[in-house]
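Okay, here's what each chain looks like letter by letter:
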Amino acid sequence: MEDNFFAGYGKTVYGECFIGREAEINRIHQRLFSKGFGNLSIVGLPKIGKSSLAYQSLYFQKEKLWNDNKILIDWVSLKSYKSSRDLYQRLALSIKDKISKLDSVNSKLITALDENYKEIKNPETAFVELEHYLLSFFSEIVSNNIRVIVILDEFDYVKDILEEVDYQMLRTLSYDIENQIAFVATSRRSIFDIERYSGQGSNLFATFENLRLGVFTNSEANDLFSKANIADSGLID
């Protein structure tokens, strides 16, 4: 029983337990690691492996990506937030803390991020000012040749926290060269369908390349059965 390969069913799968998806991983890397990088949307049925694919292809490699390419990876589960302000504050705080722990980062950058974050977390900051400080926050990072990739897991939940101005904010963050970061969304529905719910005037969806995740190929299924040591058990043909 200690060797039950399926004991972690329902959790995020990564490392040695991750099977297949080589074509999808290559597509993710081509989109995000190229000079003209952009947003990516991983869409698929529940429990088909969307979060696991994002974790394995990006977050699992976060240390190597930073050391080799100065790429900073952050992970946000969107069902944990009640408002867009909560999301912006958490995102800025998480990235600021990650950067402050890096040895090779300019101290002036950390000071600039701290100053912008004070205004981002201030509940009295009007939305127009919040947008200014958020864009300034990421502009400081971009000017230091750091690329930020944010995984927005469970993106379906944004319909409860984002309004049209927020979709426009995310589009600006991922579109303007001076403050450009990349978003990787995992969701059951397409970004277009989700955005249409409350972002009627926005076209954030147009900045995403869609990757629809299907079931395993025969080869991947065989790899799974082989790794689970059931290929010779008589359970499969």
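Our subject is the structure listed above.
What you see is a predicted model, and the numbers here were worked out from it, not measured in a lab.

Cut-offs applied
- Residues numbered from 1 in each chain as written.
- Predicted model: local features only at pLDDT ≥ 70, side-chain atom pairs only at ≥ 80, totals over all residues.
- Heavy atoms only, no water.
- Pairing = 2+ DSSP bridges.
- Helix = DSSP H or I, 4+ residues; strand = E, 2+ residues; numbered from the N terminus.
- Axes fitted to C-alpha atoms, helices over the stretch in contact; angles between N-to-C directions.
- Salt bridge = Lys/Arg side-chain N within 4 Å of Asp/Glu carboxyl O.
- Buried < 20%, exposed > 50% of the residue type's maximum accessible area, 1.4 Å probe, protein only.

Caption draft 1: Looking closely at the sheet that holds strand β3 (residues 147-153). Across the sheet, five strands lie side by side as β2-β3-β4-β1-β5; this open sheet has parallel pairing. Looking at which strands have only one partner, the edges of the open sheet turn out to be β2 (71-77) and β5 (208-212). Adjacent strand axes in the sheet meet at a mean angle of 15° when their direction is disregarded. As paired strands, β3 and strand β4 (residues 182-187) are joined by four bridges and run parallel to one another. Bridge pairing links Ile151 to Val184 in β4.

Caption draft 2: Broad picture of the pattern of salt bridges. Overall, the coordinates contain 10 salt bridges when judged by the stated rule. For the salt bridge of Arg31 with Glu209, the shortest nitrogen-to-oxygen distance reads 3.8 Å. Taken together, the residues span a long stretch of sequence, with Arg31 in helix α1 (residues 22-32) and Glu209 in strand β5 at a distance of 178 residues. Note that Asp74 is salt-bridged to Lys98, the shortest N-O span being 3.0 Å. Here the residue Asp74 occupies a position in strand β2, and Lys98 occupies one in helix α4 (residues 84-100), the gap between them amounting to 24 residues. By relative accessible area, which is 1% here, Asp74 ends up buried. In this structure Lys98 comes out as partly exposed when scored by relative accessible area, which is 23%. Connected through salt bridges with shared partners, the residues Arg27, Arg31 and Glu209 form a single ionic network.

Caption draft 3: Broad picture of the pairing of β2. Summarising burial for β2: six of the seven residues are buried, a large majority. As paired strands, β2 and β3 are joined by seven bridges and run parallel to one another. Its bridge partner being in β3, Trp75 is matched across the sheet by Ile151.

Caption draft 4: View of unusual backbone geometry. Phi at Lys70 takes a positive value of approximately 55°, unusual for a residue other than glycine. In this structure, Lys70 sits in the loop between α3 (62-69) and β2.

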